[in-house]
Amino acid sequence: MDKYIYNESNGLWYERCGDYYLPCLALDKEKPVGIWGERYRRYLKEHRRSIYDELLLNGTLDDHVAEIDRQAEEMFDRMIKQIAVKRGITEHLKCENQMAWVSAMNQIRDIAKEVVLNELIYC
């Protein structure tokens, strides 16, 4: 008996395991998801269960979460740059007073994080 056989009617390969032939199935590789995507996935699972289940059953959950993660990361980076320019936080300040620059950038990051969470992740 062959170790592998091909079934033309369904287009699948089968592998012999003991006395049985089992289909050779593999899952698609998961798309890498960052912190924003994981937060969004958890929010859907805990608070928007019907949307989560629908996306999961359609097989589009991972793609949807990866897209939200990409959008959130772009929004976060863009907001940090825009707020820093608006507040006048420059490399010159970084050279003159590093602690003031770090403090200002941490405040900007916190603001941008809250906006992304409220506008994109938890809406």
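This is a predicted model, so every value here is computed, not measured.

Peer 1: Now, about a nonpolar patch on the surface: what can you tell me, with residues and values included?
Peer 2: Where nonpolar side chains cluster on the molecular surface, the patch consists of Tyr4, Tyr6 and Trp13 and spans about 360 Å² of accessible area. Among the secondary structure elements, Trp13 is positioned in strand S2 (residues 12-17).

Peer 1: Quick rundown of the side chain of Asp69? Include the residues and the values.
Peer 2: Here Asp69 is to be found in helix H3 (residues 61-87). Here Asp69 occupies a buried position and makes no salt bridge, while the nearest side chain of opposite charge, Arg70, is found at 8.4 Å. At 3.2 Å, the side chain of Asp69 and the backbone nitrogen of Gly34 are in polar contact. Those residues in contact with Asp69 that sit more than four places away from it in its chain are Val33, Gly34, Ile35, Trp36 and Gly37.

Peer 1: Quick one: what's the story with the packing of H3 against helix H5 (residues 98-121), residue by residue and with numbers?
Peer 2: Their axes nearest at 9 Å, the elements H3 and H5 cross at an angle of 140°. With respect to each other, H3 and H5 are oriented oblique. You can see that H3 and H5 cross each other, and the crossing is right-handed. Residues Ile68, Gln71, Ala72, Met75, Phe76, Met79, Ile80, Ile83, Ala84 and Arg87 of H3 form the contact with H5, whose own contacting residues are Met105, Gln107, Ile108, Arg109, Ile111, Ala112, Lys113, Val115, Val116, Glu119, Leu120 and Ile121. Broken down by class, the residue content of the contact of H3 with H5 amounts to 16 nonpolar, two polar and four charged.

Peer 1: Hey, could you go over the side chain of Arg41 for me, with residue numbers and the actual values?
Peer 2: Of note, Arg41 is situated in helix H1 (residues 35-47). When sequence neighbours within four positions are dropped, the list of residues in contact with Arg41 reads Val33, Tyr52, Leu61, Asp62 and Val65.

Peer 1: Could you give me a rundown of the sheet that holds strand S1 (residues 4-7), with the residues and numbers involved?
Peer 2: Sheet strands pair via backbone hydrogen bonds, and the direction of the pair is either parallel or antiparallel. Reading across from one edge, S1-S2-S3 is the order of the three strands in this open sheet, with antiparallel pairing throughout. Each edge of the open sheet is held by one strand with a lone partner, namely S1 and strand S3 (20-23). Taken pair by pair, the neighbouring strands of this sheet meet at an average axis angle of 35°, ignoring direction. Where S1 and S2 come together, four bridges link them in antiparallel fashion. Pairing of Ile5 across the sheet is with Tyr14, part of S2.

Peer 1: Describe the pairing of S2, naming the residues involved and giving the relevant values.
Peer 2: Between the end of S1 and the start of S2, which pair antiparallel, lie four residues, with Gly11 showing a positive phi angle near 75°. Bridging between S2 and S3 involves four bridges; their strand directions are antiparallel. By the bridge assignment, Tyr14 is partnered in S3 with Pro23. If you look at the hairpin formed by S2 and S3, you'll find two residues sitting between the two strands, and Gly18 has a positive phi there, around 70°.

Peer 1: Can you tell me about the nonpolar core, naming the residues and giving the values?
Peer 2: One finds Trp36, Ile89, Met105, Ile108, Val116 and Ile121 to be the most contacted residues of the largest nonpolar core, which totals 25 residues. At the level of secondary structure, the elements contributing two or more residues to this core comprise H1, helix H2 (49-58), H3 and H5. Per-element tally for this core: the top contributor is H3, with ten residues. With sequence-adjacent residues up to four places away left out, Ile89 is seen in contact with Ala84, Trp101, Ala104, Met105 and Ile108.

Peer 1: Report on the pattern of salt bridges, specifying residues and quantitative values.
Peer 2: All chains considered together, the criterion is met by seven salt bridges. A salt bridge links Glu15 to Lys3; the shortest N-O distance between them is 3.4 Å. Residue Glu15 is found in strand S2, and its partner Lys3 is found in the segment before S1; the two are separated by twelve residues along the sequence. Taking relative accessible area as the criterion, Lys3 reaches 42% and is therefore assigned partly exposed. We note a salt bridge from Arg70 to Glu74, for which the minimum N-O separation is 2.8 Å. Taken together, the positions of Arg70 and Glu74, both in helix H3 and four residues apart, correspond to about one turn of that helix. Residue Arg70 is classed as partly exposed on the basis of its relative accessible area, which comes to 38%. Put simply, Glu38, Arg41 and Asp62 are held in one network by salt bridges that share partners.

Cut-offs applied
- Every chain is numbered independently, its residues counted from 1 as its sequence is written.
- In view of the model being predicted, local features appear only for residues whose pLDDT reaches at least 70, and side-chain atom pairs are presented and counted only at 80 or more, with totals across whole chains, interfaces and linings using the full set of residues.
- Heavy atoms throughout the structure, all of them, feed into the side-chain values; hydrogens and water do not.
- Exposure above 30% relative accessible area and the absence of a salt bridge qualify a residue for a patch, where like charges join within 9 Å and nonpolar side chains (Val, Leu, Ile, Met, Phe, Trp, Tyr) within 5 Å.
- Reported accessibility uses the Shrake-Rupley method at a 1.4 Å probe radius. Residues are deemed covered only where the shown protein chains occlude them.
- Take a side-chain nitrogen of Lys or Arg and a carboxyl oxygen of Asp or Glu: if they are within 4 Å of each other, that pair is a salt bridge.
- Working definition: helices are DSSP H or I runs of at least four residues, strands are E runs of at least two. Numbering for both runs from the N terminus.
- Relative accessibility thresholds used throughout: buried, under 20% of the residue-type maximum; exposed, over 50%; partly exposed, between the two (1.4 Å probe, protein chains only).
- Charge assignment in this entry is limited to Lys and Arg as positive and Asp and Glu as negative, and neither His nor the chain termini are counted.
- Between N or O atoms, a polar contact is any pair within 3.5 Å; within protein, one atom must be a potential hydrogen donor and the other a potential acceptor, and residues adjacent in sequence are included only when both atoms are from side chains.
- By definition, residues are in contact when any of their heavy atoms lie within 4.5 Å.
- Between N-to-C directions, angles cover 0 to 180 degrees, with each direction set by a line fitted to C-alpha atoms, over the stretch in contact for helices.
- Note on angle classes: values under 35 degrees are labelled roughly parallel, values over 145 roughly antiparallel, values of 65 to 115 roughly perpendicular, and the remainder oblique.
- Two helices cross in a left-handed way if the nearer one is turned anticlockwise from the farther one by less than a right angle. They cross in a right-handed way if the turn is clockwise.
- All amino acids are sorted into three groups, where Ala, Val, Leu, Ile, Met, Phe, Trp, Tyr, Cys and Pro are nonpolar, Asp, Glu, Lys and Arg are charged, and the leftover types, Gly among them, are polar.
- A strand pair is defined by DSSP finding two or more bridges across the two strands.
- Among buried residues, the Ala, Val, Leu, Ile, Met, Phe, Trp, Tyr and Cys ones that are joined through side-chain atoms within 4.5 Å form a nonpolar core.

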